[in-house]
Amino acid sequence: MFIASMRYGPEQTSSLDDRSMIVFTDLDGSLLDHDSYRHDAAESALQRLAVLGIPCIPVTSKTREELLSIRSELNLNSPFVVENGSAVFIPENLAGFDNAGLVHPPGSDFLLQRFGREHKDVLIQLREISAGGEYHWRGFSDMPLDEIMQRTGLDASAAQNASRREFCEPVVWLDDETQLSAFIATLQAHGLQAVPGGRFLHIMDAAAGKGRAVEWLCGRYLQTPACTVALGDSGNDIDMLNAVDIAVLVRSEQHDFPQAQGRKQTLRTRSPGPAGWAEAMHQILDDWEAEQEQLKHG
């Protein structure tokens, strides 16, 4: 059996229902194919989550503009976490969610919770740090659209959405590992961090992070989730994976599994990308539904 059955103590069963699970997921290399960005292999699992009313929350390095399009393709109506945990966008009037104190950006259909600085302030600090010429990198803000397309494999429209950064600056590192270590230490001294991604190093406020965003979201649902699940394939997913009950490490053809561990259970998929995502999610839901039946019948 791919996953052992999940068990919960008596204190967790009184309000248990189909909505008491929350799923958080990385996109590129996990729910979306690393090269094609397609999700076909995961469609049946996504539909099953929708039928059960279980929120599936993207937690990604992508921008808000990218997520608006992707959420539509995936038929998701849940909150979403952008730019490696720099901010959370929440649909207005989301049922069962505490909206107290959230910002409503002008012209937006979403409420916003931001962690740390905005992109313009991160970029100012980053350029000040690099003004002496000892650190060599090339950021999204320096790249014309065709270069972003070439580096990401995105078409023009998607690359334009990827360039609309609100919180962090993706960069290509152009120097050796020794200088990179010095660069990261300097960033930390100025309240910034460098989060490695599949293609870029993401420079962002030190207060932000996927794990922080996941924990914040769990605390805002009015019904405390009985089970939290996260699926990811790379190092920048570790904080998210460590913050949930069940961590699913999605196999990658580009790199090793991330060194992460769920609070109750850690799974590794046999298949890579969206096929592995669906493999794990179906088995988790099989066990979840079996547990539900046991609870119903005493």
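Let me begin by describing the structure that accompanies this report. Not measured: the values here are computed from a predicted model.

Attention now goes to the side chain of Ser108. In this fold, Ser108 is placed in the loop between strand S4 (87-91) and strand S5 (110-114). Relative accessible area serves as the criterion here: at 11%, Ser108 is assigned to the buried category. A polar side-chain atom of Ser108 sits 3.0 Å from the main-chain amide nitrogen of Phe110.

All right, on to the sheet that holds strand S2 (residues 56-58) then. With parallel pairing, the 5 strands of this open sheet are ordered in space as S2-S1-S10-S11-S12. A single partner strand is all that each edge strand has here, and the edge strands are S2 and strand S12 (265-272). Direction aside, the axes of adjacent strands within the sheet are offset by 20 degrees on average. Sheet topology note: the strand S11 (residues 246-251)/S12 ladder contains 5 bridges and is parallel. In the sheet register, Ala247 faces S12, and the bridge partner there is Thr266. Against the sheet, helix H9 (residues 273-296) touches strand S1 (21-25), S2, strand S10 (227-232), S11 and S12, its axis set at about 135 degrees to S12.

This paragraph deals with the environment of Asp28. Inspection of the secondary structure assignment puts Asp28 in the loop between S1 and helix H1 (43-52). The contact partners of Asp28, leaving out residues within four places of it in the chain, are Tyr37, Lys62 and Asp233. Within the local environment of Asp28, its side chain forms a polar contact with the side chain of Lys62, the two groups lying 3.2 Å apart.

What follows deals with unusual backbone geometry. At Asn84, a residue that is not glycine, the phi angle is positive and equals roughly 60 degrees. Among the secondary structure elements, Asn84 is positioned in the loop between strand S3 (80-82) and S4. At Asn93, a position not held by glycine, the phi torsion is positive, near 60 degrees. Its place among the elements puts Asn93 in the loop between S4 and S5.

Our focus in this paragraph is the nonpolar core. Generally speaking, nonpolar side chains in soluble globular proteins are found buried as a group. Within the largest apolar cluster, 38 residues are counted, with the highest numbers of intra-cluster contacts made by Met21, Val23, Val229, Leu231, Val248, Trp277 and Met281. If we skip the residues at most four places from it in the chain, Met21 touches Ile54, Pro55, Cys227, Val229, Met281, Ile284, Leu285 and Trp288. Residues Val81, Val88, Phe97 and Ala247 belong to the second largest nonpolar core, which totals 31 residues.

All chains considered together, the criterion is met by 8 aromatic pairs. When the centroid spacing of 4.9 Å and the interplanar angle of 25 degrees are considered together, the rings of Trp173 and Phe183 count as stacked. In this pair, Trp173 sits in strand S7 (residues 169-173) while Phe183 sits in helix H6 (residues 177-189), placing the two residues 10 residues apart along the sequence. Relative accessible area serves as the criterion here: at 0%, Phe183 is assigned to the buried category. Chaining the aromatic ring pairs together yields one cluster made of Phe97, Phe115, Trp216 and Tyr221. Lying across the ring of Phe257, Arg268 places its NZ or CZ 5.8 Å from the centre.

Thresholds applied
Residues numbered from 1 in each chain as written. Predicted model: local features only at pLDDT ≥ 70, side-chain atom pairs only at ≥ 80, totals over all residues. Heavy atoms only, no water. Helix = DSSP H or I, 4+ residues; strand = E, 2+ residues; numbered from the N terminus. Buried < 20%, exposed > 50% of the residue type's maximum accessible area, 1.4 Å probe, protein only. Polar contact = N/O pair within 3.5 Å; in protein donor to acceptor, adjacent residues only side chain to side chain. Pairing = 2+ DSSP bridges. Axes fitted to C-alpha atoms, helices over the stretch in contact; angles between N-to-C directions. Contact = heavy atoms within 4.5 Å. Core = buried A, V, L, I, M, F, W, Y, C linked by side-chain atoms within 4.5 Å. Phe/Tyr/Trp six-rings, centres within 6.5 Å; stacked < 30°, edge-to-face > 60°. Lys NZ or Arg CZ within 6 Å of the ring centre and 35° of its normal.

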